[in-house]
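Structural features, examined
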Amino acid sequence: MTALPILMPGTPAPDFRLRATPDQWIELSDLGGAPAILAFYPADWSPVCGDQMALYNEVLPIFRQHGAQLVGISVDGAWSHAAFAAARNLHFPLLADFEPKGAVANAYGCYHTAEGTSGRALFVIDGNGIIQWSHLSPDGVNPGANGILDALESLKARTV
Amino acid sequence: MSQLRPEVSADDHSVGPVDAPITLVEFGDYECPHCGRAYPVVKQLQATLGDSLRFVFRNFPLSEIHPHASAAAQAAEAAGESGSDPFWAMHDLLYEHQRHLDTHSLLRYAETAGADPVAVQHALDAGSYVERVNTDFMSGVRSGVNGTPTFFINGVRYNGDWSDVETFLADLTAARTSP
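Everything in this summary refers to the structure shown in the same document. All values derive from a computational prediction rather than experimental measurement.

On to the overall build of chain A. When helices and strands are tallied, chain A shows four helices and nine strands. Compactness check: chain A gives a C-alpha radius of gyration of 14 Å against a globular reference of 15 Å for 160 residues, within 12% of the reference. Counting across all 160 residues of chain A, residues that qualify as buried make up 55%. For chain A, restricting intrachain contacts to residue pairs at least 6 apart in sequence, the fraction spanning at least 24 positions comes to 65%. On chain A, roughly 7000 Å² of surface is accessible, and the fraction owed to carbon and sulfur atoms is 56%.

What follows is the structure in structure tokens.
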């Protein structure tokens, strides 16, 4: 599998409008001019308890201390996301990149056409809508949260 | 490559010689079934490697999915107030009884571990070890812990298969620092 051509720092973040729940939509601009963290992941219901979304759920208070908003994005539908979020007690939105399938992942350069899922790509976007940090992990490797925290800290250092 | 930060220090709970050629750090959650599976693996590594291994445990409770994990971690820390032996005895009891981590059970384990259950109860009520557990958790986040258990061998995150003793042992031996 060749590496995906994910968008690099300095690139304007493509806008999107995706379902967060069966009756609610979220746009990039809704994330409020503060740093936004986009965490693309392959699928809901991965069979480990310490999975990527569960980890970010635990680290959420720290992301919020940086004023950052986190969203998870996969090609799963809104009903799958709703059940997954309830089962894992997630406190951040999961967006459904469902129709047209994977369009947002594709715009960010992290859609695996052969798999029909998004790669594990992370983006930190500043308040002006510019990507400040991006990272792609192999599908089987949960990237953890340290890269995101480093990016948020360097963003803060630059704006102070 | 993810590096352990901060490095192992005297503040950590550890077994084995301080200058052992292999230091293995586990970030664990007492309610996590995968950590429960790793527990006998670590015991076997300790038995095989003897004084060549220093084992360190840091707390990484995933509280949102494991409702008893944080209290269990705090109870182990509180038991550690009575000494290193009660801490490790408590650590073992928690992993051996992962399905029974209610407060009553935690206090019973504390007593069995040789700690003062009344002091442990007070520490749980007062949240005396919340910060300590959180410090461990944040060190895990900053070190690139991405689930539980996550191991570090001589400061480097281990991405191999910890569930297979032979593989784990071979990788530990390969990481041994030269004397």
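Having put the structure on the table, let's press on.
For the rest of this paragraph, the subject is the overall build of chain B. Looking only at helices and strands, chain B has seven helices and five strands in total. Along chain B, from the amino end to the carboxyl end, the secondary structure elements read β-β-α-β-α-α-α-α-α-β-β-α. Its C-alpha atoms give chain B a radius of gyration of 15 Å, within 12% of the compact-globule value 16 Å for 179 residues. With respect to the principal axes defined by its C-alpha atoms, chain B has extents near 45 × 30 × 30 Å. A buried classification covers 54% of the 179 residues belonging to chain B.

Glancing now at the environment of Ala10(B). All names here are of chain B. Mapped onto the secondary structure, Ala 10 falls in the segment before strand 1 (13-15). Residue Ala 10 is classed as exposed on the basis of its relative accessible area of 79%. Spatially, the C-alpha atoms of Ala 10 and Val 130 are 19 Å apart, while their sequence positions differ by 120 residues.

Moving on: the interface of chain B and chain A. Where the parts come together, the accessible area they lose is often given as the size of the interface. Listed as interface residues are 23 residues of chain B and, on the opposing side, 20 residues of chain A. Summed over both sides, the interface between chain B and chain A buries roughly 1600 Å², with carbon and sulfur atoms accounting for 57% of that surface. If you sort the residues of chain B by the area they bury against chain A, Glu64(B), Arg142(B) and Asn146(B) come out on top, with a joint share of 38%. A salt bridge links Asp150(A) to Arg5(B); its shortest N-O distance comes to 3.5 Å. For the pair chain B and chain A, the interface holds eight residue pairs in polar contact (both at pLDDT 80 or more).

On to the pattern of salt bridges. Should the charged atoms of two oppositely charged side chains come close, the side chains can pair. Evaluated as defined, the whole model comprises nine salt bridges over all chains. As a salt-bridge pair, Asp12(B) and Arg58(B) come within 2.8 Å of each other at their nearest N and O atoms. With Asp12(B) in the segment before strand 1 and Arg58(B) in strand 3 (residues 53-59), this pair connects stretches of sequence that are 46 residues apart. One exposure class covers both Asp12(B) and Arg58(B), and it is buried. Two residues, Arg132(B) and Asp136(B), come together in a salt bridge whose shortest N-O distance is 3.9 Å. A residue pair is termed a helical-turn pair when its members lie 3 or 4 positions apart in one helix, as Arg132(B) and Asp136(B) do in helix 6 (residues 130-143) at four residues. Of the residues examined, Arg132(B) reaches a relative accessible area of 24% and is grouped as partly exposed. Relative accessible area serves as the criterion here: at 5%, Asp136(B) is assigned to the buried category. Residues participating in the shared-partner salt-bridge network are Asp150(A), Glu153(A), Arg5(B) and Arg142(B).

All names here are of chain B. Read across the sheet, five strands follow the order 1-3-2-4-5 without closing on themselves; strand pairing throughout is mixed. Strands with a single pairing partner mark the edges of an open sheet, and in this sheet they are strand 1 and strand 5 (156-157). Looking at chain direction, strand 2 (residues 22-28) and strand 4 (residues 150-153) are connected through four bridges and run antiparallel. From the neighbouring strand, Phe 27 faces strand 4, where its bridge partner is Thr 150. Helix-sheet contacts for helix 6 involve strand 1, strand 2, strand 3 and strand 4, and the interaxial angle to strand 3 is about 110°.

A few words now on the packing of aromatic side chains. Summed over the entire model, instances satisfying the criterion amount to 17 aromatic pairs over all chains. Pairing Tyr56(A) with Phe63(A) gives two aromatic rings, centres 6.0 Å apart and planes at 70°, and the pair type is edge-to-face. Overall, the relative accessible area of 0% leaves Phe63(A) in the buried class. Ring geometry for Phe151(B) against Trp162(B): centres 6.4 Å apart, planes inclined by 55°, an arrangement best described as tilted. Of the two residues, Phe151(B) sits in strand 4 while Trp162(B) sits in the loop between strand 5 and helix 7 (165-175), which places them 11 residues apart along the sequence. This pair shows no difference in class: Phe151(B) is buried, exactly as Trp162(B) is. Every member of this aromatic cluster is reached through a ring pair, and the members are Phe27(B), Phe60(B), Phe137(B) and Phe152(B). One cation-aromatic arrangement involves Arg17(A) over Trp25(A); the distance from NZ or CZ to the ring centre is 4.5 Å.

Calculation rules
- Numbers given for residues are sequential positions, taken from 1 along each chain in its written order.
- Going through the entries in the order they are written, you letter the chains from A and number the ligands from 1.
- Only residues with pLDDT of 70 or above have their local features reported here, since the model is predicted, and side-chain atom pairs are shown and tallied only from 80 upward, although totals for entire chains, interfaces and linings are computed over all residues.
- In computing side-chain properties, one takes all heavy atoms of the structure into account and sets aside hydrogens as well as water.
- Under the DSSP-based scheme used, a helix requires at least four consecutive residues in state H or I and a strand at least two consecutive residues in state E, with every element numbered from the N terminus.
- In this treatment the radius of gyration is a C-alpha quantity, and the globule benchmark scales as 2.2 Å times the residue count to the 0.38 power.
- Here's how the labels work: a residue is buried when its accessible area is under 20% of the maximum for its type, exposed when over 50%, partly exposed in between, all with a 1.4 Å probe on protein chains only.
- Residue contacts are counted whenever heavy atoms from the two residues lie within 4.5 Å of one another.
- Surface accessibility follows the Shrake-Rupley procedure with a 1.4 Å probe radius. Residue values consider only the protein chains on display as shielding.
- Buried area counts how much accessible surface, traced with a 1.4 Å probe, disappears from two parts once they are put together, with both parts' losses summed.
- Salt bridges, as used here, are contacts in which a Lys or Arg side-chain nitrogen is within 4 Å of a carboxyl oxygen on Asp or Glu.
- Here a polar contact means two N or O atoms within 3.5 Å. Within protein one must be a hydrogen donor candidate and the other an acceptor candidate, and residues neighboring in sequence count only if both atoms are side-chain atoms.
- Each pair of strands is called paired provided DSSP finds at least two bridges between the two strands.
- In this description, a line fitted to the C-alpha atoms serves as the axis of each element, helices being fitted only across the stretch in contact, and the angle between N-to-C directions of two axes falls anywhere from 0 to 180 degrees.
- Pairing of aromatic side chains here covers Phe, Tyr and the six-membered ring of Trp, requires ring centres within 6.5 Å, and sorts the geometry by plane angle: under 30 degrees stacked, over 60 edge-to-face, intermediate tilted.
- Ring-over charges, as used throughout, are those where CZ of Arg or NZ of Lys falls within 6 Å of the ring centre and within 35 degrees of the ring normal.

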